[in-house]
Amino acid sequence: MVDLAEKEMDNPTFRSDTVLSDVHLHCPNKRHLMVRLNAVGQPVFLSYFKLLWSTEDLASGKHVREITTGREQQCRSGDELCDKDRSNMKKEGELNSGGVEALLDDDGDLEVVRRPRSASDLEAEDLLRDIVCPVILMKGKEDAFEDEEQECTCSDVVKIEHTMATPLEDVGKQVWRAAFLLADYILFRRDTFRSCSVLELGGGTGITSIIMGTVAKRVYCTDVGEDLLAMCEQNVVLNKHLMEPGGGEVKVKELDWLKDEFCTDPGAPYSWSEEEIADLLDHCSVIMAADVFYDDDLTDALFRTLYRITHNLRNSCTVYLALEKRLNFTLRHMDVTCEAYSHFRNTLNDLENLQDGKMKYTVEPIKRDFCQFLVYERIEQL
C-alpha cells in the first residue's frame, strides 16, 4: 500500500508503510483461517504448514526425499494425470498442424472443442482446491484453541498464527522464507542440534524455534513487543505435540537488541528469571536468526547483542544466520541494489576481522542444496 502525501501538487512525496510477506502466496493448498484480531486490530490468520515427513520419521532417523516443485511435482504425483496431459498436448499439436480454418464455424468464429470432464478430473481438482472453514472472528482468551483441540494433532503439520500485511515495525508477525530455509537446515542436520540449548534472536511467529524444539533440549525464542510475543507463545502451545516426543521445550522471552541487559522486571510478562539467564549462559551452544536484516540500525544492534552474549557464554557457540536478499530499485543509484544485505555483509566482515584478544569469529557460508522439508519457494536470493 502506498500513500501519496502532497503538500504541493508539484512536489509529491511517496511513503510506503505496508510490508507483505509472500510465503502464503506460494502455498495454494494451505488453509488460511482468520481467527481473531490482535491487540492493535490486525487480522490474525492460522495457517497449516505440512512437513514432508512426520516426527515419527525424525525420531526413527528415516531419510526424506528431496521434493520437487511446480509442474514436475504434479506429474510425479500421478502418472494418470501426466498421461492425460501428454495426450492433450498431442491432440493440440494435431489441431494446430491442421490450421486455424479447421476450428472455424460457418460464421467464421473460432469454435473450441472441449473434452468432457471425467470423474477422475473432478476428484483431482477437489484435492488441489483450498478448503476454507470460516470460524468466529473474535475469540475469548480462554477458548482461543478450542477448535484446534478438537482436531487431531497431526505429527507432520505445523500450525502458525500470523498476520499477512503489517507496518515495517510489525514484520515479525508475518512468516518469512528465510525462517523456512533455516528450519529445513535444522531438520536436515537434526543430529547436530539434538539435546542442544539454543537461543533465537528475532523469533517472530516462532516457527523456526518450534522446529528446533523438535530436536533440541531447550530453545529460548526471543523478540520484542508484548503482542508479538503473545502470538509466538500461542504458536508454541499449538505445536507442543511436535516437541513432546523428543522432550524439547520452547520458552518465549523478551530480548531487546537496543538494550544492554536482559529484561528481568518481574512485572513484565516475558521477562527472564535469574535461573533462566544462568541456564542460557552456561549451556547455550547455538544461536540462530532468520530474516532480521532489513534495517541498518537493527543490524548494528543485532551484532552488538551477538557480541555481548557470546562473550558471556561459558562454551563456544555456533551462530546460524539465514536471510533473503531483497533487491530494490533506488533513485540514488539509478539501479537495482540490495543495500540492507550489503550493510549486513560489511558488518559480518567487521565481526570476523575483530581482534579484541578475547574471541575469534569465523564465518563460513552454507550451501543451500540440502533437502527441503517444508513447501515454499526456495528462491536464488535465499
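Not measured: the values here are computed from a predicted model.

K.L.:
Describe in detail the overall build of the protein chain, supporting the description with residues and values.
P.N.:
Summing up its helical and strand segments, the protein chain has 13 helices and 14 strands in all. In the protein chain, buried positions account for 42% of the 382 residues. Total accessible area on the protein chain stands at roughly 22400 Å², and carbon and sulfur atoms take up 51% of it.

K.L.:
Break down the state of the cysteines for me, citing the residues and quoting the values.
P.N.:
Applying the stated rule across the entire model yields zero disulfides. With no disulfide partner, cysteine 196 has as its closest neighbouring cysteine sulfur the one in cysteine 284, 8.9 Å distant. Lacking any disulfide linkage, cysteine 221 is separated from the closest cysteine sulfur, that of cysteine 232, by 3.5 Å.

K.L.:
Just give me the short version of the pattern of salt bridges, but keep the residues and values in it.
P.N.:
Counting across every chain of the model gives 15 salt bridges. Here aspartate 282 and arginine 314 are joined by a salt bridge, their closest N and O atoms 3.6 Å apart. Separated by 32 residues along the polypeptide, aspartate 282 in helix α11 (residues 274–283) and arginine 314 in the loop between α12 (296–312) and β12 (318–322) bring together distant segments of the chain. Overall, the relative accessible area of 27% leaves aspartate 282 in the partly exposed class. Accessibility expressed as a relative area gives 62% for arginine 314, which makes it exposed. The network of salt bridges with shared partners includes Arg177, Asp291, Glu324, Arg326 and Glu377.

K.L.:
Can you tell me about unusual backbone geometry, naming the residues and giving the values?
P.N.:
A positive phi angle, near 65 degrees, is found at serine 195, a position not held by glycine. A relative accessible area of 55% places serine 195 in the exposed class. A positive phi angle, close to 55 degrees, is found at aspartate 291, a residue other than glycine. Tracing the backbone shows aspartate 291 in the loop between β11 (284–290) and α12.

K.L.:
Report on the sheet that holds β12, specifying residues and quantitative values.
P.N.:
The five strands are arranged β10-β9-β8-β11-β12 in an open sheet whose pairing can be described as parallel. The sheet is open, and its two edges are formed by β10 (249–254) and β12, each paired on a single side. Ignoring which end each strand starts from, the neighbouring axes of this sheet average 20 degrees apart. Relative to β11, strand β8 (residues 197–200) is paired through four bridges, and the arrangement is parallel. Looking across to β11, one finds that leucine 199 is bridged to isoleucine 287. Across the sheet, helix α6 (residues 177–188) lies against β11 and β12, angled at about 145 degrees from β11, the strand it touches most. The strands touched by helix α9 (residues 226–238) are β9 (218–223) and β10; relative to β10, the strand with the most contacts, the crossing angle is about 175 degrees.

So, how was this worked out
Residues numbered from 1 in each chain as written. Predicted model: local features only at pLDDT ≥ 70, side-chain atom pairs only at ≥ 80, totals over all residues. Heavy atoms only, no water. Helix = DSSP H or I, 4+ residues; strand = E, 2+ residues; numbered from the N terminus. Buried < 20%, exposed > 50% of the residue type's maximum accessible area, 1.4 Å probe, protein only. Areas by Shrake-Rupley, 256 points an atom, 1.4 Å probe, with all protein chains shown as cover. Disulfide = S-S within 2.5 Å. Salt bridge = Lys/Arg side-chain N within 4 Å of Asp/Glu carboxyl O. Pairing = 2+ DSSP bridges. Axes fitted to C-alpha atoms, helices over the stretch in contact; angles between N-to-C directions. Contact = heavy atoms within 4.5 Å.

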